[in-house]
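Listed below are the residues making up each chain.
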Amino acid sequence: MYLLAHVPYQAADNCYNSCTMPELPEVETVRIGLHQFLLGKQVKAVSFDWPKGFPNAASDVQGFLAGARILDVRRRAKVLLIDLDTAYSLVIHLKMTGQLVYKGDHERFGAGHPNDSLVGTLPDKSTRVTFDFTDGSQLFFNDQRKFGWVRLMPTVEVEHLDFFQRVGPEPLADTFTPKDFVTRIRRRPKSGIKAVLLDQTIVAGVGNIYSDESLWGAKIHPETKVADIADSQLEVLFKALQDILRLSIEKGGSTDRNYVNAEGKRGSYLTFAHVFRREGKPCPRCGTTILKIRAAGRGTHLCPNCQIKV
DNA sequence: CACTTGACCTGTCCGC
DNA sequence: TGCGGACAGGTCAAGT
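Small disclaimer: the values here were computed from a predicted structure and weren't measured.

Reading guide: rules and limits
Residues numbered from 1 in each chain as written. Chains lettered and ligands numbered in written order. Predicted model: local features only at pLDDT ≥ 70, side-chain atom pairs only at ≥ 80, totals over all residues. Heavy atoms only, no water. Salt bridge = Lys/Arg side-chain N within 4 Å of Asp/Glu carboxyl O. Helix = DSSP H or I, 4+ residues; strand = E, 2+ residues; numbered from the N terminus. Buried < 20%, exposed > 50% of the residue type's maximum accessible area, 1.4 Å probe, protein only. Contact = heavy atoms within 4.5 Å. Pairing = 2+ DSSP bridges. Axes fitted to C-alpha atoms, helices over the stretch in contact; angles between N-to-C directions. Expected span 1.5 Å × (residues − 1). Near = heavy atom within 4 Å. Polar contact = N/O pair within 3.5 Å; in protein donor to acceptor, adjacent residues only side chain to side chain. Nonpolar A, V, L, I, M, F, W, Y, C, P; charged D, E, K, R; others polar. Phe/Tyr/Trp six-rings, centres within 6.5 Å; stacked < 30°, edge-to-face > 60°. Lys NZ or Arg CZ within 6 Å of the ring centre and 35° of its normal.

Trainee: Help me understand the pattern of salt bridges, please; the structure alone is not making it clear to me.
Mentor: When the charged atoms of two side chains lie near each other, side chains of opposite charge can form a pair. One pass over the full model with this rule turns up 12 salt bridges. Between Arg76 and Glu170 there is a salt bridge, and its shortest N-O distance comes to 3.0 Å. Within this pair, whereas Arg76 is found in strand 2 (residues 70-76), its partner Glu170 is found in the loop between helix 5 (162-166) and helix 6 (178-185), the two being separated by 94 residues in sequence. The exposure class assigned to Arg76 is partly exposed, which follows from its relative accessible area of 24%. With its nearest N and O atoms 3.3 Å apart, the salt bridge here joins Lys309 to Glu223.

Trainee: Which parts of the structure should I look at to understand the side chain of Thr300?
Mentor: With respect to the helices and strands, the residue Thr300 is situated in strand 10 (residues 298-302). Aside from chain neighbours lying at most four places away, what touches Thr300 is Lys194, Asp212, Pro222, Leu291, Lys292, Ile293, Arg294 and Ala295.

Trainee: It is not clear to me how the sheet that holds strand 6 (residues 127-133) should be interpreted in this structure. Could you clarify?
Mentor: Two modes of strand pairing occur in sheets, parallel and antiparallel, and in both the strands are linked by backbone hydrogen bonds. Taking strand neighbours across the sheet as the criterion, the four strands line up as 1-6-7-5 in an open arrangement whose pairing is antiparallel. On the outer flanks of this sheet lie strand 1 (43-48) and strand 5 (98-103), each paired with one strand and no other. Neighbour to neighbour, the strand axes of the sheet diverge by 15 degrees on average, direction disregarded. The sheet contact formed by strand 1 and strand 6 spans five bridges and is antiparallel.

Trainee: I'm lost on helix 9 (residues 231-252) in this one. Help?
Mentor: Counting along an α-helix, one turn takes 3.6 residues, and residues three or four places apart therefore face a common direction. The end-to-end C-alpha distance of helix 9 is 31 Å, a good match for the 32 Å that 22 residues give at a rise of 1.5 Å each. Three or more residues of helix 9 are buried, namely Leu234, Leu237, Phe238, Ala240, Leu241, Gln242, Ile244, Leu245, Ser248 and Gly252. Where helix 9 is buried, its residues contact helix 1 (24-38), helix 6, helix 7 (193-198) and helix 8 (208-217).

Trainee: Which parts of the structure should I look at to understand the protein's contact with DNA strand B?
Mentor: Surrounding DNA strand B, one finds Lys52, Lys125, Gln144, Arg145, Lys146, Phe147, Arg187, Arg188, Pro189, Lys190 and Ser191. Residue Gln144 places a side-chain N or O atom 3.2 Å away from a sugar or linking oxygen belonging to DNA strand B. Take Lys146: an N or O atom from its side chain is 3.0 Å from a phosphate oxygen of DNA strand B. Of the residues contributing to the surface near DNA strand B, the split by class is two nonpolar, two polar and seven charged.

Trainee: Which parts of the structure should I look at to understand the packing of aromatic side chains?
Mentor: Aromatic ring pairs are defined here through the distance separating the ring centres and the angle between the ring planes. All told, the structure shown has eight aromatic pairs when counted by the stated rule. Both rings, one in Phe37 and one in Tyr102, keep their centres 4.9 Å apart while their planes meet at 15 degrees; by these two values the pair is stacked. Taken together, the positions of Phe37 in helix 1 and Tyr102 in strand 5 put the pair 65 residues apart, joining distant regions of the chain. Here Phe37 and Tyr102 have matching classes, each one buried. Geometrically, the ring pair formed by Phe176 and Phe238 is edge-to-face, given 5.3 Å between the ring centres and 85 degrees between the ring planes. Of the two residues, Phe176 sits in the loop between helix 5 and helix 6 while Phe238 sits in helix 9, which places them 62 residues apart along the sequence. The class for Phe238 is buried, based on a relative accessible area of 3%. Following the ring pairs from residue to residue traces out a cluster consisting of Phe176, Phe181 and Phe238. Across from the ring centre of Trp216, 3.8 Å away, lies the NZ or CZ of Arg285, which sits over that ring.

Here is the structure:
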């Protein structure tokens, strides 16, 4: 019997590859799953043939990954970190279509999990890396579009990666205050607010879904220039963003059958989205038809009545 | 420098 | 049924 490490993003069978792109809540859900499944496991072998996405030399993999035990699974922004007892870490970015799928643990999880059929087909043509553990379980890195990547590097060097040097604060960190949020957003006064939310150097982890959802929550048009938004409105936006991220993480944890069955598919945070991918449907707040436009180079969803462009 | 756009990939969907 | 083009839950390099 098998389990996905990120069950909520496996929607319908025919949606296997197109419904898995992660933002902060999705990556956090993957992290929680991997943390549960992988801690203490010992890597037996790694197979990969994907120099661009996993550029480490075979000798590094042999020396610091094969035989290593997994100490911890962490997340920063949308990046996953798997710490090994060799003082090396796997650094993984799923980008748009990356997946980490775990297969194993018959005793712990029992039979009949709804993801049996899916995981049973792995590895497949999108499998870029396969990790074999000494207990016979496996972890697959699948990535249809090959935007994602895996790196093996010394744990102490991870924080020195360019991305981690530049990335903004975690939006749900206790130490990150509404005032901090406003200050950082104001670093891009002439940009549209959606572009700023998507900028990982301002705030970490926000992507296309949660920018649209939080802007709807705060009743701000995605193309509004930051300079035209009052501090009080930015604070409302911060609250809306935190609420939607927390809600989504909570839903991501809803991997049980009931949730799956109730939706008729394998769970999706989209079932509670207010505007995302709901163009043509009524706004849950006012009933106006939801619009889809192009903003910050991305498909963008909004209520043209609630979210007036300044 | 601030800010926006194109490129990276593969697959799917939609209109002709 | 086939084909072209748009588009996709991200990020960085190159452009204005």
